[in-house]
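Report on the structure
Each chain, written out:
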Amino acid sequence: MAASLRLGIDLGGTKIELIALGPDSREVLRRRMPTPQNDYLATVAAVAALVHQAESELGRHGSIGIGTPGARSPASGLMKNCNSTCLNGKPLKEDLERALNREIRLANDANCLALSEATDGAAAGAETVFGVILGTGVGGGVVARGHVLNGANAIAGEWGHSPLPWFQFAHTQADRASTGQHPATGEAILHPWPGPREIDAAPACYCGKKGCIETWLSGPALAADHVRYGGEDLPAHEIVQLANAGYGPCSTTLARYEERLARALAGVINLLDPDVIVLGGGLSNIARLYDTVPRLWPRYVFSDRIDTRLVPPRFGDSSGVRGAAWLWNDDYA
């Protein structure tokens, strides 16, 4: 079989998805299967089976790029920082290469999202792109001039495990005077700084720390925050639906989420100053984020004006798996 395909695989916590791109970069096949839970060897076998099935069906050989929920340590070659914890400490790249009998390229799933959107997606042509995944977990990836930035420690863009910016510079209640109305809900914003619940109830993260951005901005974090403030135990997508329908408690929860997202992304802008920020993951489907968050972040960004664009992914849920296929692009480094 001639090598004429780019195969991309998104190794997620709940599903493994494969996409095959032809020579013209168009999708020719897509397959998915549930991720074996807490079983490393079964996960390796599942990825290999998806590849063999796709190549058999298409009658063509392909290069393989894989997006993972973590990173491969440059020091040990073992996986680290995966919220699918059965991958941590394992030689995933080597085991997959042995199972597939060829070289593969492997990158963090947020890097794959950023690469996809910077290559031919919503951020095509932008010099610096920050890709965000807001889903079961929270991650970030950076692409500059068509290149994924991995970093000396393979953690470039790992924004989800920085602490949520508190901006605690008010000393008295008088300093915490109203700053206006929330642009989406019309509710008074009493202050942009953390209240006692945010400080005292900073959630514990699987990484061993407390108050990571992931523990405030993931889908499960949105649901937990709703309960923390006295709301019903609802999944994130139902909270969003009820907020959009005008249900007050859910509207308030979503307003808190938007304020935190604006604070967290302002930190990215102050450090990286990207041309475009692309959101991915399930919460990227909240349409009002793209209007509300850029209207909230100016109070936190160190600039007289902000030209950074916040955009949804052109390829939606497919962006990460497409970016994995693009790891074999000539521009990849």
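The rules behind these values
Per chain, residues are indexed from 1 in the order of the written sequence. With pLDDT at 70 or above as the cut-off, local features in this predicted model cover only qualifying residues; side-chain atom pairs require 80 or more to be listed or tallied, and sums for whole chains, interfaces and linings still use all residues. Only hydrogens and water are set aside when side-chain values are computed; all heavy atoms of the structure are taken into account. Elements are defined by DSSP. Helices are runs of H or I of four residues or more, strands are runs of E of two residues or more, and each kind is numbered from the N terminus. Whether two residues are in contact is decided by their heavy atoms, any of which lying within 4.5 Å being enough. Using the Shrake-Rupley algorithm and a 1.4 Å probe, accessible areas are obtained, with residue cover drawn only from the displayed protein chains. Scored from 0 to 100, pLDDT records how confident the predictor is in each individual residue. One bridge is not enough; two strands pair if DSSP finds at least two bridges between them. Fitted lines through C-alpha atoms serve as axes, helices being fitted only where they are in contact, and the angles separating the N-to-C directions of these axes extend from 0 to 180 degrees. Classification of ring pairs rests on two measures: the distance between centres of Phe, Tyr or Trp rings, Trp counted by its six-membered ring, which must be within 6.5 Å, and the angle between planes, read as stacked under 30 degrees, edge-to-face over 60 and tilted in between. Comment: the charge-over-ring label is applied if NZ (Lys) or CZ (Arg) is within 6 Å of the ring centre and within 35 degrees of the ring normal.

1. As for the overall build of the protein chain
Per the secondary structure count, the protein chain includes 10 helices and 12 strands. Long-range contacts, defined here as pairs at least 24 residues apart, represent 65% of the contacts in the protein chain between residues at least 6 apart. In the structure as shown, the protein chain presents an accessible area of about 14,600 Å², 52% of it carried by carbon and sulfur atoms.

2. Some remarks on the confidence of the model for the protein chain
In the predicted model, the protein chain carries a mean pLDDT of 88, and the fraction of residues at 70 or more is 87%. Here helix H4 (residues 196-200) stands out as the element of the protein chain with the lowest mean pLDDT, 63, in contrast to strand S12 (residues 309-311), whose mean of 98 is the highest. Confidence drops under a pLDDT of 50 for residues 168-178, and excluding neighbours within four residues, the segment shows 16 contacts in the predicted structure.

3. A closer look at the sheet that holds strand S10 (residues 147-148)
The mixed open sheet is built from 5 strands, whose spatial order is S10-S9-S8-S11-S12. Edge positions in the sheet fall to S10 and S12, since each has one partner strand and no second. Those strands touched by helix H3 (residues 109-120) are strand S8 (128-134), strand S9 (138-144), S10 and strand S11 (276-280), and its axis lies near 45° from that of S9. Those strands touched by helix H8 (residues 248-272) are S8, S9, S11 and S12, and its axis lies near 150° from that of S8.

4. Here's the deal with the packing of aromatic side chains
According to the stated counting rule, one finds 1 aromatic pair in the structure shown. Its guanidinium or amino end placed over the ring of Tyr-229, Arg-256 lies 3.6 Å from that ring's centre, counting from NZ or CZ. Positioned above the aromatic ring of Phe-315 is the side chain of Arg-322, whose terminal nitrogen or guanidinium carbon lies 3.9 Å from the ring centre.

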